[in-house]
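Fold and geometry: a report
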Amino acid sequence: MKLARRMQSLPPYLFAELDRKKREAESRGMEVIAFTMGDPDLPTPEPIVQAAQRAVTVPANHRYPPYPGTLSFRKTAARWLERRFGVRLDAEKNVLALIGSKEGIAHLSLVMLEPGDVALCPDPGYPVYAISARLAGAEVHYLPLLEKNNFWPDLGAVPPEILKRAKLLWLCYPNNPTAAVADRQQLKQAVAFCRQHDILLCYDAAYSEVVLEGEPSPSILEIDGALNCAVEFHSHSKTYNMTGWRVGFAAGNEKIIKALADLKSNLDSGVFGAVQQAAEYALESWPQFMGGILDAYRRRRDELCAGLKRLGFDARPPRATFYVWMPVPGGDDVAFATKLIEKAGVLVTPGSGFGQAGRGYVRLVLTQGRVKEALERLEKAGIRGQS
Ligand SMILES: *Cc1c(COP(=O)(O)O)cnc(C)c1O
């Protein structure tokens, strides 16, 4: 049996590759401390779990949910967007429930792209933007996120022949993997660019609530004109430690939301009603849960970055997200990550796994609590930075 040709265009999923390295080390008897998965280790807050327990017993939830999400879920999401960002949307026209935001992100490529089209994707970036574009038969033009530009793309550098074919621009702030944040001025610039070139601005806000210092992160939908050209992706995963529940939502341009809903109604049957009710509870009770979760990340960040600095590394404490994006001594991120797993049993993600421009960095997560132990292992293995 022959697989479809599109399967050959699939790169090995980044974390699958890393998982293999981890298992290799484990088979040598090494017990690995992984700083790789952007998956909160802390449990979902108890009141959200209890809301789900109540909802599971409701017979209406045992049946197929409405395809675009229950009206109640969509209204709750719209109310949250208004409370949090001051953005007023029509729950039925502008909001759509998703089986986690990854699902919506991947399907949006099918909604928008065909062969000959181009998706503008950040490099380094969340791999799903580019992979889903390729699965849709489209081309990817990468926008390097450089440190000297605070990891914001140079939109003016996109060649005119690419701009003509570009249909999507993906942006994610607070950013995975660089931990960069964006301000309203930058978002205004992106909206103006997309309106000028008739490009859909796809704004991944998975980390909008994971802000450890400074101003709250803005929504793209706060920007004048954004509803004409943008759709934003929100997720319960990172905010409420709910990665396993598979729930999030898209919000934005009515035509795009409707098209994404139409596509999805042919491919999936929505989010379990009880999960939607628990997700509503989370949105209604926000920010009751955030304080404790963010404090844990701050403590780990301070401990990890101070420890790495003591070892001579250039570890910068992130203002947002639960990632530390660290330049490696010598500039070879794959060699550095390999050395860490082989000598110390500490697993980190080489930046080049997120794209060419990620070369020279590694990403560490703050969702791993064994910081002290990992630092001791590095020290014991004699792994040091340059200074
Ligand atoms: C984790 C993550 C997502 C996807 O989260 P879901 O669990 O599918 O909601 C989307 N974008 C980025 C950048 C992420 O890191």
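As shown above, the structure is provided for reference.
The structure reproduced in this document is the subject of the present report. For clarity, every value in this text was computed on a predicted model and none was experimentally measured. (Residues numbered from 1 in each chain as written. Predicted model: local features only at pLDDT ≥ 70, side-chain atom pairs only at ≥ 80, totals over all residues. Heavy atoms only, no water.)

1. Structural notes on the site of the ligand
Heads up, the rule is: Neighbouring residues are identified by heavy atoms, a residue being near a molecule or strand if any of them is within 4 Å of it. Each polar contact in these results corresponds to two N or O atoms within 3.5 Å; when the atoms are within protein, one needs to be able to donate a hydrogen and the other to accept it, and residues that are neighboring in sequence are counted only if both atoms are side-chain atoms. Here the accessible surface of atoms and residues is derived via Shrake-Rupley with a 1.4 Å probe, and residues count as covered only by protein chains that are part of the display. Note on conventions: DSSP H or I runs of at least 4 residues are helices, E runs of at least 2 residues are strands, and numbering of each starts at the N terminus. By the convention adopted, Pro, Cys, Tyr, Trp, Phe, Met, Ile, Leu, Val and Ala count as nonpolar, Lys, Arg, Asp and Glu as charged, and the other residues, Gly among them, as polar.
Around the ligand, 15 residues are found, and the nearest of them are Asp204, Tyr207, Ser235, Ser237 and Lys238. Within the backbone of Ser101, one N or O atom sits 2.7 Å away from an oxygen atom of the ligand. Surface burial for the ligand is 94%, taken as the share of its 390 Å² of free accessible area covered by protein chains. The dominant element in the shell around the ligand, judged by the number of residues it contributes, is helix α5 (residues 101–112), at 3 residues. Classifying every residue of the shell around the ligand by side-chain character gives 6 nonpolar, 5 polar and 4 charged.

2. As for the sheet that holds strand β6 (residues 200–204)
So the rule is basically this: Any two strands with at least two DSSP bridges between them are considered paired. Convention adopted: a line fitted to C-alpha atoms gives each axis, helices being fitted over their contacting stretch, and angles between N-to-C directions are expressed from 0 to 180 degrees. Note on contacts: a residue pair is in contact if any heavy atoms of the two residues lie within 4.5 Å.
As summarised here, the arrangement of the 7 strands in space is β2-β8-β7-β6-β5-β3-β4, forming an open sheet in which the pairing is mixed. Edge positions in the sheet fall to β2 (95–98) and β4 (139–144), since each has one partner strand and no second. Going from strand to strand, the sheet's axes swing by 20° on average, the running direction of each strand aside. Packed on one face of the sheet, helix α11 (residues 254–267) meets β2, β6, β7 (230–235) and β8 (248–252) and runs near 35° to β2.

3. Structural notes on the sheet that holds strand β12 (residues 361–365)
Sheet architecture is open: 3 strands sit in the order β9-β12-β11, paired in antiparallel fashion. Since the sheet does not close on itself, it has two edges, and those belong to β9 (323–327) and β11 (349–350), each with one partner. By the bridge criterion, 2 bridges tie β11 to β12 in an arrangement that is antiparallel. Bridging from a neighbouring strand, Pro350 pairs with Val362 of β12.

4. Quick word on the packing of α5 against helix α6 (residues 128–135)
Rules: Two helices cross in a left-handed way if the nearer one is turned anticlockwise from the farther one by less than a right angle. They cross in a right-handed way if the turn is clockwise.
Between α5 and α6, whose axes approach to 7 Å, the crossing angle comes to 35°. Every pair of crossing elements has a handedness; the one defined by α5 and α6 is right-handed. From α5, Lys102, Ile105, Ala106 and Ser109 reach across to α6, where they touch Val128, Tyr129, Ser132 and Ala133. Broken down by class, the residue content of the contact of α5 with α6 amounts to 5 nonpolar, 2 polar and 1 charged.

5. Remarks on the nonpolar core
Spelled out, the test is: In this text, buried Ala, Val, Leu, Ile, Met, Phe, Trp, Tyr and Cys residues form a nonpolar core when linked through side-chain atoms within 4.5 Å. Buried, partly exposed and exposed residues are distinguished by accessible area as a fraction of the type maximum, computed with a 1.4 Å probe on protein chains only: under 20%, between the cut-offs, and over 50%, respectively. The source of the domain bounds is an automatic or database domain assignment.
Counting 96 residues, the largest nonpolar core has Phe35, Leu120, Leu169 and Tyr240 as the members making the most contacts within it. Residue-level mapping places this core at the junction of two domains, with at least three residues from each of domain 1 (5–44 + 290–380) and domain 2 (46–285). In this view, Tyr240 contacts Thr44, Pro45, Ile48, Trp80, Ala282, Leu283, Trp286, Phe289, Met290 and Ile293; residues no more than four positions away in its chain are not counted. Of all hydrophobic cores here, the second largest spans 28 residues; its members include Ile105, Val140, Cys202 and Ile256.

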